[in-house]
Amino acid sequence: MNIVVLSGAGLSAESGLGTFRDADGLWTKYDLSQVATPEGFAQNPALVHDFYNARRANMVAAAPHAAHSALARLAGRAGITLVTQNIDDLLERAGAQGVIHMHGELARALCNACGHRWDAPAKMAPADPCPACAAQATRPDVVWFGEIPYAMEVIEARLAECDLFVSIGTSGEVYPAAGFVAAARQLGARTLELNLEASGAIFDEVRVGPASEVVPTWVDEVLAK
Ligand code: APR
């Protein structure tokens, strides 16, 4: 069976990493247009680096939980595609390989001048030179609002051939990821949502609960088949 799993911030919430749109979410504390857009970065790169440096420090201090470990048991099996909107590395630290980070990764740096990518240091600053071209145009390798998410062709191909689409811990507010469920259903897949609260999007089945509980239960069912 071909399965595409899309995860969002709810997957990592119980590891202590904030979600974006919940009551105490990151976008209630920070101005999205200042820290998560190319325009915000052009205006104040130091502020943007500080924001992502803090996210990176939180990520390093956090540990994966039972849902990350369960998904790691699925990853690498035939027919399984893990797509995440999360920029943390908790799936990888739980042992998952081949995760598609459609919104980029906190652990990586990107040169805005030449496109070179490298492992991000703990703290990044606007004057950091690119190791390849020396331009002082270093940015976190994350996809901002107004930019095109990574690996869309691969994701669309996997959606087209999947039998089951599973959405975990995402509000379904941000496109193109928010459109995956409708696309998968139209292409013939069954659809399942695992979330603390139902997102309201149309799924064939919705299981409500914390990721640390509902995800391992679902993964055990899949592996038992
Ligand atoms: N277990 C499962 N789901 C949870 C948990 C939990 N413990 N806690 C919260 N959730 C769910 C919420 O119910 C909500 O549906 O996680 C979701 C979080 O939604 P958002 O904060 O909108 O996060 P996400 O959907 O990942 O945001 C998408 O928006 O700002 C951008 O680029 C950022 O990738 C992010 C994108």
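Coordinates for the structure precede this section.
Let us look at the structure shown here. (Residues numbered from 1 in each chain as written. Predicted model: local features only at pLDDT ≥ 70, side-chain atom pairs only at ≥ 80, totals over all residues. Heavy atoms only, no water.)

### Concerning the nonpolar core
Here is the rule we go by: By nonpolar core is meant a set of buried Ala, Val, Leu, Ile, Met, Phe, Trp, Tyr and Cys residues that side-chain atoms within 4.5 Å join together. Buried, partly exposed and exposed residues are distinguished by accessible area as a fraction of the type maximum, computed with a 1.4 Å probe on protein chains only: under 20%, between the cut-offs, and over 50%, respectively. Numbering of helices and strands runs from the N terminus; a helix is a DSSP stretch of H or I covering at least four residues, while a strand is a stretch of E covering at least two. Here, two residues are considered to be in contact whenever any of their heavy atoms come within 4.5 Å of each other.
Counting 25 residues, the largest nonpolar core has Leu71, Val166, Val215 and Trp218 as the members making the most contacts within it. For this core, the secondary structure elements donating two or more residues are β1 (3-7), α6 (66-74), β2 (80-84), β7 (164-168), β8 (190-195) and α10 (211-224). Take this core: its biggest share by element is six residues, from α10. In this view, Val166 contacts Ile3, Val4, Val5, Leu6, Leu192, Leu194 and Trp218; residues no more than four positions away in its chain are not counted. Judged by nonpolar contacts, the second largest core, of 16 residues, contains Met102, Met152, Leu159 and Val181.

### Focus: the packing of aromatic side chains
What counts here: Within 6.5 Å between ring centres, the rings of Phe, Tyr and Trp (the latter by its six-membered ring) count as paired, and their orientation is classed by plane angle as stacked under 30 degrees, edge-to-face over 60, tilted in between. Comment: the charge-over-ring label is applied if NZ (Lys) or CZ (Arg) is within 6 Å of the ring centre and within 35 degrees of the ring normal.
Inspection of every chain in the model, using the stated rule, returns six aromatic pairs. Consider the rings of Phe51 and Tyr52, whose centres lie 4.9 Å apart with planes at 90°: the pair is edge-to-face. Judged by relative accessible area, which is 4%, Phe51 ranks as buried. In this structure an aromatic cluster arises from ring pairing among Phe20, Trp27, Tyr30, Phe41, Phe51, Tyr52 and Trp144. The lysine or arginine in question, Arg55, covers the ring of Phe51, its NZ or CZ lying 4.6 Å from the ring centre.

### Overview of the environment of Pro129
If you trace the backbone, Pro129 turns up in the loop between β5 (117-119) and β6 (138-142). Note: C-alpha distance between Pro129 and Cys111 (18 residues apart in sequence) is 8.5 Å. If sequence neighbours within four positions are ignored, Pro129 has contacts with Trp118, Ala134, Ala135 and Thr138.

### Things to note about α6
Of the residues making up α6, those classed as buried are Ala67, His68, Ala70, Leu71, Ala72 and Leu74. If you follow the buried residues of α6, they end up packed against β1, α1 (9-13), β2, α7 (90-93), β7 and α10. Immediately downstream of α6, the backbone of Gly76 shows phi near 90°, a positive value.

### Points about the packing of α6 against α10
Keep this limit in mind: In this analysis an axis means a line fitted to C-alpha atoms, helices contributing only their contacting stretch, and an angle means the value between N-to-C directions, from 0 to 180 degrees. These descriptions rest on fixed angle ranges, namely under 35 degrees for roughly parallel, over 145 for roughly antiparallel, 65 to 115 for roughly perpendicular, and the rest for oblique. Left-handed describes a crossing whose near helix is turned anticlockwise from the far helix through less than a right angle; right-handed describes the clockwise counterpart. Under the scheme applied here, ten amino acids are nonpolar (Ala, Val, Leu, Ile, Met, Phe, Trp, Tyr, Cys and Pro), four are charged (Asp, Glu, Lys and Arg), and all others, including Gly, are polar.
As a packed pair, α6 and α10 sit with axes 7 Å apart at the nearest point and diverge in direction by 20°. In this view, α6 runs roughly parallel relative to α10, as classed from their interaxial angle. Like other packed secondary-structure pairs, α6 and α10 cross with a definite hand, here left-handed. Facing α6, whose interface residues are Ala66, Ala67, Ala70, Leu71, Arg73 and Leu74, α10 presents Ala211, Ser212, Val215, Pro216, Trp218, Val219, Asp220, Val222 and Leu223. The residue makeup of the contact of α6 with α10, split by class, is 12 nonpolar, one polar and two charged.

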